[in-house]
Amino acid sequence: MWVCELNFDCYQDIELADAEPAIRQFIDALRYNGQILGREFPTSMHQGWLSARVVCPEKDSLHPRYHSRQVELAIEQLHRAGLTSPKVQFRGQDLNSDTTDHCDQRRWQLLYTTYLHSCSPLRCGDHFTPVPLYRIPPVANGDSKQILKWQEDWEACDQLQMNGSILEHGAVTELSEPDSRLSRRGRDLAKRIEYLTEVPTFYYLYRVGGDSLEAELNRTCPGCGEDWRLAEPVHEIFDFVCEPCRLVSNLSWDFKN
Ligand SMILES: [Zn+2]
Ligand SMILES: [Zn+2]
């Protein structure tokens, strides 16, 4: 991933109060289109220009050819607020982050995230690398906002269950039950993505707890009740896959070494 700076020149005297919402809207539109990643974008005001620091999945993520309709509208808003379209400046490659998937045609893909990840939750099944969301057709209303909102909720639940101090039980239920509200949303998104990309798209069900290793190894698919255990784990996480239900899961973390 790439660290970039977006610089906006003010071509007229502007009030910070006008510039700020226009920039925030623009940044949100980029985020909902997968062109920038993460939640925090330090923005500073200088003499006659403003600057925001962002992280992109690819070097050319901010190219106008990837802009969604919402991004284009947000650029018009910038102009109305007295700002130019942003100039992009590279700061360098982000050392801590995952690489981006380079497959032209994926054999399969899955929705997967954790509370530690800021990258795209759509991953290549073969390489487990994130797929930038602007590279798939928009799932609804011109961009990928619904996927980002699902990811935020998934990560919030994951954070709660990792911390284990409040709402842990409810959070684990949302992450692990195939019919929880969170899973239903995610599975609907996976279906929609599969339809749009024509690539089989799986949904990850988190698994923790259970009575014994024996019982966990013999756990059947919660969708159809069939055997779904793999001979070897995939990407060291997934021990179970059900093709018809489009579900993947792990051997309970309590029994996985
Ligand atoms: Zn790949
Ligand atoms: Zn199944």
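Computed from a predicted model, the values in this text were never measured in an experiment.

K.L.:
Help me understand the environment of S252, please; the structure alone is not making it clear to me.
P.N.:
Its location among the elements puts S252 in the segment after β10 (247-249). When the C-alpha positions of S252 and H127 are compared, they lie 23 Å apart, and in sequence the two are 125 residues distant. Among all residues touching S252, those that are not within four sequence positions of it are R207, V208, G209 and E216.

K.L.:
Sorry, what's going on with unusual backbone geometry here?
P.N.:
If a residue is not glycine, its phi is most likely negative; likewise, a peptide bond is most likely trans. Phi is positive for H235, which is not a glycine, with a value near 55°. On the secondary structure map, H235 appears in the loop between β8 (229-234) and β9 (238-242). Taking relative accessible area as the criterion, H235 reaches 26% and is therefore assigned partly exposed. Despite not being glycine, R246 has its phi angle at roughly 55°, a positive value. Within the secondary structure layout, R246 lies in the loop between β9 and β10. We classify R246 as partly exposed; its relative accessible area is 23%.

K.L.:
Mind showing me how you'd approach the domain arrangement of the protein chain here?
P.N.:
Quoted interface sizes are often the accessible area lost when the parts come together. We note that the domain assignment places domain 1 (2-93) and domain 2 (109-249) within the protein chain. Taken over C-alpha atoms, the centre of domain 1 sits 31 Å from the centre of domain 2. Taken together, the 15 residues of domain 1 in the interface contact 15 residues of domain 2. Note on domain 1 versus domain 2: buried area summed over both sides is about 1300 Å², and carbon and sulfur give 51% of it. On the surface where domain 1 and domain 2 come into contact, there are two salt bridges. A salt bridge links R31 to E152, with the nearest nitrogen and oxygen atoms 2.6 Å apart. In this structure, the connection of domain 1 to domain 2 is made through 10 residue pairs in polar contact (both at pLDDT 80 or more). A class-by-class count of the residues in the side of domain 1 that touches domain 2 yields four nonpolar, seven polar and four charged.

Parameters at a glance
- Residues numbered from 1 in each chain as written.
- Chains lettered and ligands numbered in written order.
- Predicted model: local features only at pLDDT ≥ 70, side-chain atom pairs only at ≥ 80, totals over all residues.
- Heavy atoms only, no water.
- Helix = DSSP H or I, 4+ residues; strand = E, 2+ residues; numbered from the N terminus.
- Contact = heavy atoms within 4.5 Å.
- Buried < 20%, exposed > 50% of the residue type's maximum accessible area, 1.4 Å probe, protein only.
- Domains from an automatic or database assignment.
- Buried area = accessible area lost by both parts, 1.4 Å probe.
- Salt bridge = Lys/Arg side-chain N within 4 Å of Asp/Glu carboxyl O.
- Polar contact = N/O pair within 3.5 Å; in protein donor to acceptor, adjacent residues only side chain to side chain.
- Nonpolar A, V, L, I, M, F, W, Y, C, P; charged D, E, K, R; others polar.

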